[in-house]
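# Descriptive analysis of the structure
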Amino acid sequence: MLATLRARFEKHRARHDALAWADIDARIGGNGQALATLQRMEDTGGEPDVIAFDAATGVVTFCDCSAESPAGRRSLCYDREARTSRKENAPAGSAVEMAGEIGIELLTEEEYHALQQLGRFDTKTSSWLKAPDAVRTLGGAIFGDRRYDRVFVYHNGAQSYYAARGFRGMLRV
């Protein structure tokens with residue numbers, strides 16, 4: 001996993017041009033739990049990469065940087081409540097549940113916009129985002145994508161799911 005992460009880190013220097021791999025390796029190299037989570041992100045198509053490093057705390061932030069929403073995390077409704085509320089054609093899982101199983105957090109709307117500053121993501125797919133409590137309480141959820149060279153955030157019923165909608169996650173180590 002370290003070799004994969006390092007190769008991606010070097011290939012996409014623009015995402016973290018002020019960082020050195022030695023700083024990242026020092027933080028995650030011996031952290032079995034973090035490496036296992038990063039491997040699960042990789043195995044589901046996320047292509048995790050470093051997007052931030054807090055020099056004061058040493059915290060490294062990894063995010064799914066696959067061009068499209070991770071292929072192994074699509075056709076999911078938003079959360080368990082939404083999944084169990086479906087009487088017919090229930091999806092196999094939910095974004096929130098799967099994120100918990102992987103050990104990552106869904107991106108907030110703000111984090112999604114920040115990620116989109118680092119590249120062009122979700123030009124053919126969309127990704128569930130962490131729904132604000134007020135939206136979720138009313139039965140909704142939000143998702144984002146990039147179309148027409150703009151980033152859009154939309155709403156949908158939390159119980160909905162689509163083959164082209166998945167989710168991206170973050171891991172802070």
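Here, every reference points to the structure presented above.
Scoring rules and cut-offs
Every chain begins its residue count from 1, and numbering advances along the sequence as written. In view of the model being predicted, local features appear only for residues whose pLDDT reaches at least 70, and side-chain atom pairs are presented and counted only at 80 or more, with totals across whole chains, interfaces and linings using the full set of residues. Water and hydrogen atoms play no part in the side-chain values, which are based on all heavy atoms of the structure. Using a 1.4 Å probe on the protein chains alone, a residue whose accessible area is under 20% of its type maximum counts as buried, one over 50% counts as exposed, and one in between counts as partly exposed. Each helix corresponds to a stretch of at least 4 residues labelled H or I by DSSP, and each strand to a stretch of at least 2 residues labelled E; elements are numbered beginning at the N terminus. Pairing between two strands requires that DSSP report at least two bridges joining them. Comment: arc refers to directions from the helix axis out to C-beta atoms. Contacts between residues were defined by any pair of non-hydrogen atoms, one from each residue, lying within 4.5 Å.

## What about the pairing of strand β5 (residues 140-147)?
Burial analysis of β5 places 7 of its 8 residues in the buried class, the great majority of the element. Bridging between strand β4 (residues 126-129) and β5 involves 3 bridges; their strand directions are antiparallel. When the bridges of β5 are listed, Trp128 appears paired with Phe143. Judged from the 8 bridges that link them, β5 and strand β6 (residues 150-157) form a sheet pairing that is antiparallel. Looking at the pairing, Ala141 lines up with Asn156 of β6. Linking two consecutive strands that pair antiparallel, namely β5 and β6, is a turn of 2 residues; a positive phi of about 55° is found at Tyr148 within it.

## Regarding helix α5 (residues 95-102)
Those residues of α5 that sit buried are Ala95, Ala99 and Ile102. Take α5 and look down its axis: the buried residues cluster within an arc of 65°, on one side only. With respect to the buried face of α5, the exposed residues turned more than 90 degrees away are Gly100 and Glu101. Those residues of α5 hidden inside the fold are in contact with α3 (32-43), β3 (105-106), β4 and β7 (165-167). Gly103 lies just past α5 and shows a positive phi near 100°.

Remember that the coordinates give geometry; whether it matters functionally is a separate question.
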